[in-house]
Amino acid sequence: LDVVILATPPHFRPAYFDACVQAKKHVFMEKPVCVDPVGARQIIATSKKAENMGLTVITGTQRRHQDDYLETYRQVASGAIGEITSAKAWWLQNHVWFRSREEGWSDMEYMIRNWNNFCWLCGDHILDTHVHNIDIINWFLGKHPDEAIGFGGRARRLTGDQYDFFSIDFNYGNGVYSHSMSRQIDDCANTLGEQINGTEGYTNCKNTIYNLDGSVKWKFDYPKDKDGKSTEVVAISPYIQEHISLVTSIRTNKPVVEAERTAISTLTAIMGRTAAYTGQLVTWEEMMNSTVKLGPEKYEMGPVDMEFPVPIPGSQHRS
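To start, this report covers the structure provided alongside it. (Residues numbered from 1 in each chain as written. Predicted model: local features only at pLDDT ≥ 70, side-chain atom pairs only at ≥ 80, totals over all residues. Heavy atoms only, no water.)

## Details of the overall build of the chain
Assigned secondary structure in the chain consists of 10 helices and 12 strands. On the principal axes, the C-alpha backbone points of the chain span a range of 60 × 45 × 40 Å. Relative to all contacts within the chain whose residues are 6 or more apart in sequence, the contacts with residues 24 or more apart total 71%. Approximately 14,900 Å² of the chain is accessible, and the part contributed by carbon and sulfur atoms is 52%. Looking at charge distribution, the chain has the averaged site of its 32 positive side-chain charges lying 4 Å from that of its 39 negative ones. (Helix = DSSP H or I, 4+ residues; strand = E, 2+ residues; numbered from the N terminus. Contact = heavy atoms within 4.5 Å. Areas by Shrake-Rupley, 256 points an atom, 1.4 Å probe, with all protein chains shown as cover. Lys, Arg positive; Asp, Glu negative; His and termini not counted. Charge placed at Lys NZ, Arg CZ, Asp CG, Glu CD.)

So this is what it looks like as structure tokens:
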């Protein structure tokens, strides 16, 4: 066995990752890499072990393996939009899949089968999907935020204990803020993306840089179709490229470990979730020192002694 792919519910990722590294195996690890602060710190610690052991760990933040995003990042890092002043990120979509409980399913079996709707298993959708956009902002800004404040709520969900929407203001320091929003409700306007604003322009992070007046300053050069028109599609899908990067790293003995940076982006999303759930201003220092660990005391099929109330802001419960 050379490589382990970790793509089961995110709650189990820290323990599985640790087991893989202890067994000296290379890893492909899906995002998010954890669901709570304790798990994030465990991923970071295990990541350092993987680096010391010369292992390769690629994570499922595929935009970082996507040619147009990579070249846009290089342009911004070279000063194409001047000094960064603000940002925003968003993922607005319809509801995702859910499972209704069937006769004979125990508490644990039902939650495992319906994992995408329980916070202890997936971390809520601000982690499960929106972490992609949050990761882009961290990447382009070159840092994680210092604090978060925001709100969210539940209006249409049928199962589980999660929110339908989040709106978070991340403070990156020195007057730079990023507005981050995510929503999973049917029959609404849907879109996703990122934007970074600077003193000399702005970018969609993916393929275009604009002047302050909205005119195009630079655009990524995509492959052309048979008629010579831009395909707006990268030559190699990033979902394939991230695995090419994994295999190439192993075969050339040039280790790459992405786990820590993805843990930081996941913890950024956890900080936003905590701010929304509690209604409080939450700091990075609090997250790095938090003892919150979601989930049951032990894993076994059968009844689970846990309650799943929908979070109420003002409860002071930081999870």
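Still to come is the rest of the account.
## Here we look at empty space enclosed by the protein
Counted by the stated rule, this structure contains one cavity of 30 Å³ or more. The space that makes up the largest cavity amounts to roughly 30 Å³. Ala-89, Ile-134, Ile-137, Phe-170, Tyr-172, Ser-178 and Ser-180 together form the lining of the largest cavity. Split into classes, the residues belonging to the lining of the largest cavity amount to five nonpolar, two polar and no charged. (1 Å grid on protein atoms, 1.4 Å probe; cavity = no way out; pocket = protein on both sides within 12 Å on 5 of 7 lines; lining within 4 Å. Points joined across faces, edges and corners; volume = space filled by probe spheres on them. Nonpolar A, V, L, I, M, F, W, Y, C, P; charged D, E, K, R; others polar.)

## Some thoughts on a nonpolar patch on the surface
On the surface, a nonpolar cluster with roughly 240 Å² of combined accessible area is contributed by Ile-236, Ile-240 and Ile-244. Residue position: Ile-240 is located in helix α8 (residues 238–251). (Patch = residues over 30% accessible without salt bridge, like charges linked within 9 Å, V, L, I, M, F, W, Y side chains within 5 Å. Salt bridge = Lys/Arg side-chain N within 4 Å of Asp/Glu carboxyl O.)

## Looking at the sheet that holds strand β2 (residues 26–29)
If you walk across this open sheet you meet the three strands as β1-β2-β3, and the pairing is parallel. Of all strands in the sheet, those with a lone pairing partner are β1 (3–6) and β3 (57–59), marking the two edges. Ignoring which end each strand starts from, the neighbouring axes of this sheet average 15 degrees apart. In the sheet, β2 pairs with β3 via three bridges, with the strands oriented parallel. (Pairing = 2+ DSSP bridges. Axes fitted to C-alpha atoms, helices over the stretch in contact; angles between N-to-C directions.)

## Concerning the packing of helix α3 (residues 67–77) against helix α7 (residues 131–141)
Axis separation between α3 and α7 bottoms out at 10 Å; the angle between their running directions is 35 degrees. Side by side, α3 and α7 meet where Tyr-69, Leu-70, Thr-72, Tyr-73 and Val-76 of the first sit next to Ile-136, Trp-139 and Phe-140 of the second. Classifying every residue of the contact of α3 with α7 gives seven nonpolar, one polar and no charged.

## So, the sheet that holds strand β11 (residues 216–219)
If you walk across this open sheet you meet the nine strands as β11-β10-β9-β8-β4-β7-β6-β5-β12, and the pairing is mixed. Only two strands of the sheet have a single neighbouring strand rather than two, namely β11 and β12 (282–283). As paired elements, strand β9 (residues 201–203) and strand β10 (residues 208–210) share two bridges and run antiparallel to each other. Each bridged residue has a counterpart across the sheet, and for Tyr-202 the counterpart in β10 is Tyr-210. Packing of α3 onto the sheet brings it into contact with β4 (84–93), β8 (191–198), β9, β10 and β11, and relative to β10 it is tilted by some 30 degrees.

## Things to note about the nonpolar core
A general feature of soluble globular proteins is that nonpolar side chains tend to end up buried together. Membership of the largest hydrophobic core comes to 68 residues, with the highest contact counts inside it found for Phe-17, Met-29, Trp-120, Phe-140 and Ile-196. Residue contacts for Trp-120: discarding those within four places in its chain leaves His-11, Phe-12, Val-35, Met-108, Met-111, Leu-294, Gly-295, Pro-296, Tyr-299, Met-306 and Phe-308. (Core = buried A, V, L, I, M, F, W, Y, C linked by side-chain atoms within 4.5 Å. Buried < 20%, exposed > 50% of the residue type's maximum accessible area, 1.4 Å probe, protein only.)

## Remarks on the pattern of salt bridges
This model, assessed by the stated rule, comprises 12 salt bridges. The salt bridge involving Lys-298 is made with Glu-300; its shortest N-O contact spans 3.6 Å.

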